[in-house]
Amino acid sequence: KNEVEQSPQNLTAQEGEFITINCSYSVGISALHWLQQHPGGGIVSLFMLSSGKKKHGRLIATINIQEKHSSLHITASHPRDSAVYICASSYLGGSNYKLTFGKGTLLTVNP
Amino acid sequence: NAGVTQTPKFQVLKTGQSMTLQCAQDMNHEYMSWYRQDPGMGLRLIHYSVGAGITDQGEVPNGYNVSRSTTEDFPLRLLSAAPSQTSVYFCASSVKNTGELFFGEGSRLTVL
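What you see as residue numbers is a count from 1 along each chain, following the sequence as written. Throughout, the order in which chains and ligands are written sets their labels, letters from A for the former and numbers from 1 for the latter. In keeping with the model being predicted, local features are shown solely for residues with a pLDDT of at least 70 and side-chain atom pairs are shown and tallied solely at 80 or more, while totals for entire chains, interfaces and linings include all residues. Computation of side-chain values: all heavy atoms of the structure, hydrogens and water removed.

Engineer: How should the pattern of salt bridges be read in this particular structure?
Structural biologist: For side chains of opposite charge, pairing can occur when their charged atoms come near one another. Throughout this description, the term salt bridge denotes a Lys or Arg side-chain nitrogen within 4 Å of a carboxyl oxygen of Asp or Glu. Counted under the stated rule, the structure contains four salt bridges over all chains. A salt bridge links Arg-58 of chain A to Asp-81 of chain A; its shortest N-O distance comes to 2.8 Å. Taken together, the residues Arg-58 of chain A in the loop between strand 6 (52–56) and strand 7 (59–64) and Asp-81 of chain A in the loop between strand 8 (69–74) and strand 9 (83–93) connect sequence positions 23 residues apart. Only protein chains enter the area calculation, which uses a 1.4 Å probe; residues under 20% of their type maximum are buried, those over 50% are exposed, and those in between are partly exposed. Residue Arg-58 of chain A is classed as partly exposed on the basis of its relative accessible area of 25%. What makes Asp-81 of chain A buried here is its relative accessible area of 5%. Of the charged contacts, one joins Asp-38 of chain B and Arg-36 of chain B as a salt bridge, the two residues approaching to 2.9 Å between their closest N and O atoms. Under the scheme used here, helices are H or I runs from DSSP no shorter than 4 residues and strands are E runs no shorter than 2 residues, and both carry numbers assigned from the N terminus.

As structure tokens, this is what we get:
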């Protein structure tokens, strides 16, 4: 069974700080997703990656397949980045691919 | 494109009642899935479908039923609601089961 662990659970930062959220998983995967959920809001996909690194604006996601680890970085953090960040791994379970989600990291960015 | 549309957004049921959560997508995605989100736990897969006419169970399928008669629609049925089914439910779709995920806005269900 695939286990997905995120750290930290909670993170408080000052505006402008560099943020890192970590995600580790236990089995070989086909893809790793990073998602964002604002309080009381829906879930938005930020990245899907299977190797290397992706960048979108101030957000950067990296993955190390050998170490079964991924990181989400936010540069020059802003209060609007305050949200729950969720990683999810897609793995082959039985005859189909399934997703396992981490419990999320609650990020609060203070002005 | 509307993306993924979920209805209703809020629902209160009494124990034993049945209801259907609707999910529709207009992106011609093959893969659709239902999750529940509970405090302190990650999203958990209830049921999923890899195409019209094909469904399979996820991690927590008991008490829920699904069907996929068309590519666009993937309703989730609660057969006899229980307080343990109080949760926020999300529907998601993707081009294939390893593709980028698109989520509905969520449905908050309370079972009294």
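Engineer: Any chance you could explain the interface of chain A and chain B here in plain terms?
Structural biologist: As a measure of interface size, the accessible area lost when the parts come together is often cited. Note on definitions: a residue-residue contact is assigned when non-hydrogen atoms from the two residues lie within 4.5 Å. Across the contact, 20 residues belong to chain A and 20 residues belong to chain B. Counting each side, the surface lost to burial between chain A and chain B is near 1,600 Å², with a carbon and sulfur contribution of 60%. It is Ile-43, Leu-99 and Phe-101 of chain A that lose the most area in chain A upon contact with chain B, and together they represent 32% of the buried surface on that side. Our count for the chain A to chain B interface comes out at zero salt bridges. Every element with two or more residues in the side of chain A that touches chain B is listed here: strand 4 (31–37), strand 5 (43–49), strand 9 and strand 10 (96–101) of chain A. By residue number, the principal contributor to the side of chain A that touches chain B is strand 10 of chain A, which donates five residues. A simple way to read buried area is as the amount of 1.4 Å-probe accessible surface that goes missing from two parts once joined, with both sides added.

Purely spatial values, then, with no claim about function.
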